[in-house]
Amino acid sequence: MLKKFTELPDAEKKDLIDKAASLGYEYERKYGNCPQCTIAAIQDTFGIIDDDVFKQSYGFGAGIGLTSKGTCGALSAAILIIGSLHGREKADFHSGRNAKCYELSKQLVEKVEEEYGGILCHEIQRKIMGDSFDLNKQEEFLAFEAAGGHDDKCPSVIAFVAGYLAELIVEGEL
């Protein structure tokens, strides 16, 4: 299914990577919800991943439930995408592990950790904004916005993750 992307010229591959990153950035600026913005960027760039995954990702926003206490929403969405493409099927439930899914997920975690110093939303927020915020609390949400949360800070994280996923797709890794 994704093989057609690996056969493209390098310039077209780069364009797809740039498109996914750019869409992720813009979607986060306009609409918020980091996991859905990550998934939408991949959907709209490659025509893959169904809307059920998009919908199911919503609660992972801002480190789960807007608390910043859990895994980065963009990373959570990326793992959902990897699982959608390489996860174990119910028919294979008894067959053990799917090494490719785990390996790709591990690589992504390491990439995000290397770039941002952690994988939890509050760790990433501290790295890019100097503080972390519980977006359920009005005053913290306003401080998040004032720190550039939806302006350029979180959009840059979405762009990073969506771009990395796009790179995996065009190189045939995903």
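The preceding data block contains the structure.
First, a word on scope: everything that follows refers to the structure included in this document. (Residues numbered from 1 in each chain as written. Predicted model: local features only at pLDDT ≥ 70, side-chain atom pairs only at ≥ 80, totals over all residues. Heavy atoms only, no water.)

**A short note on the overall build of the chain**
Counting its regular elements, the chain contains 9 helices and 0 strands. For the chain, the sequential pattern of α-helices and β-strands runs α-α-α-α-α-α-α-α-α. A globule of 174 residues ought to have a C-alpha radius of gyration of about 16 Å, and the chain, at 16 Å, matches this closely. Over its C-alpha atoms, taken along the principal directions, the chain stretches across nearly 45 × 40 × 30 Å. Counting every position in the chain, which comprises 174 residues, the buried fraction comes to 45%. Surface summary for the chain: the accessible area is close to 9200 Å², and the carbon and sulfur share equals 50%. A gap of 3 Å separates the mean positions of the 19 positive and 29 negative side-chain charges of the chain. (Helix = DSSP H or I, 4+ residues; strand = E, 2+ residues; numbered from the N terminus. Rg over C-alpha atoms; globule rule 2.2 N^0.38 Å. Buried < 20%, exposed > 50% of the residue type's maximum accessible area, 1.4 Å probe, protein only. Areas by Shrake-Rupley, 256 points an atom, 1.4 Å probe, with all protein chains shown as cover. Lys, Arg positive; Asp, Glu negative; His and termini not counted. Charge placed at Lys NZ, Arg CZ, Asp CG, Glu CD.)

**Things to note about helix α9 (residues 149-170)**
Residues three or four positions apart in an α-helix share a direction because the helix packs 3.6 residues into each turn. Relative to the 32 Å expected for 22 residues at 1.5 Å per residue, α9 spans 30 Å between its end C-alpha atoms, a close match to the ideal helical length. At P155, α9 shows its maximal kink, close to 30°. Of all the 22 residues making up α9, 16 are buried; the element is thus mostly covered by neighbouring parts of the structure. Downstream of α9 by a residue or two, G172 has a phi angle that is positive, lying close to 80°. (Expected span 1.5 Å × (residues − 1). Bend = angle between axes of the 7 residues up to and from the residue.)

**Details of the packing of aromatic side chains**
According to the stated counting rule, one finds 5 aromatic pairs in the structure shown. Relative to Y31, the ring of Y27 has its centre 6.0 Å away and its plane inclined at 40°; by these criteria the two rings are tilted. Placement of the pair is Y27 and Y31 together in helix α2 (residues 10-31), with a separation of 4 residues, close to one helical turn. Y31 sits in the exposed class, given a relative accessible area of 60%. Ring geometry for F133 versus F144: centroids 5.9 Å apart, planes at 70°, classification edge-to-face. With a gap of 11 residues between them, F133 in the loop between α7 (121-129) and α8 (138-146) and F144 in helix α8 connect regions that are remote in the sequence. This pair shows no difference in class: F133 is buried, exactly as F144 is. Among the aromatic residues, ring-to-ring pairing joins F133, F141 and F144 into one connected group. (Phe/Tyr/Trp six-rings, centres within 6.5 Å; stacked < 30°, edge-to-face > 60°.)

**Examining the pattern of salt bridges**
Side-chain pairs of opposite charge can arise whenever the charged atoms involved come near each other. Evaluated as defined, the whole model comprises 4 salt bridges. Here R29 ties to D151 by a salt bridge, and the two come within 3.6 Å at their closest N and O atoms. Residue R29 is found in helix α2, and its partner D151 is found in helix α9; the two are separated by 122 residues along the sequence. Given the relative accessible area of 39%, R29 is considered partly exposed. (Salt bridge = Lys/Arg side-chain N within 4 Å of Asp/Glu carboxyl O.)

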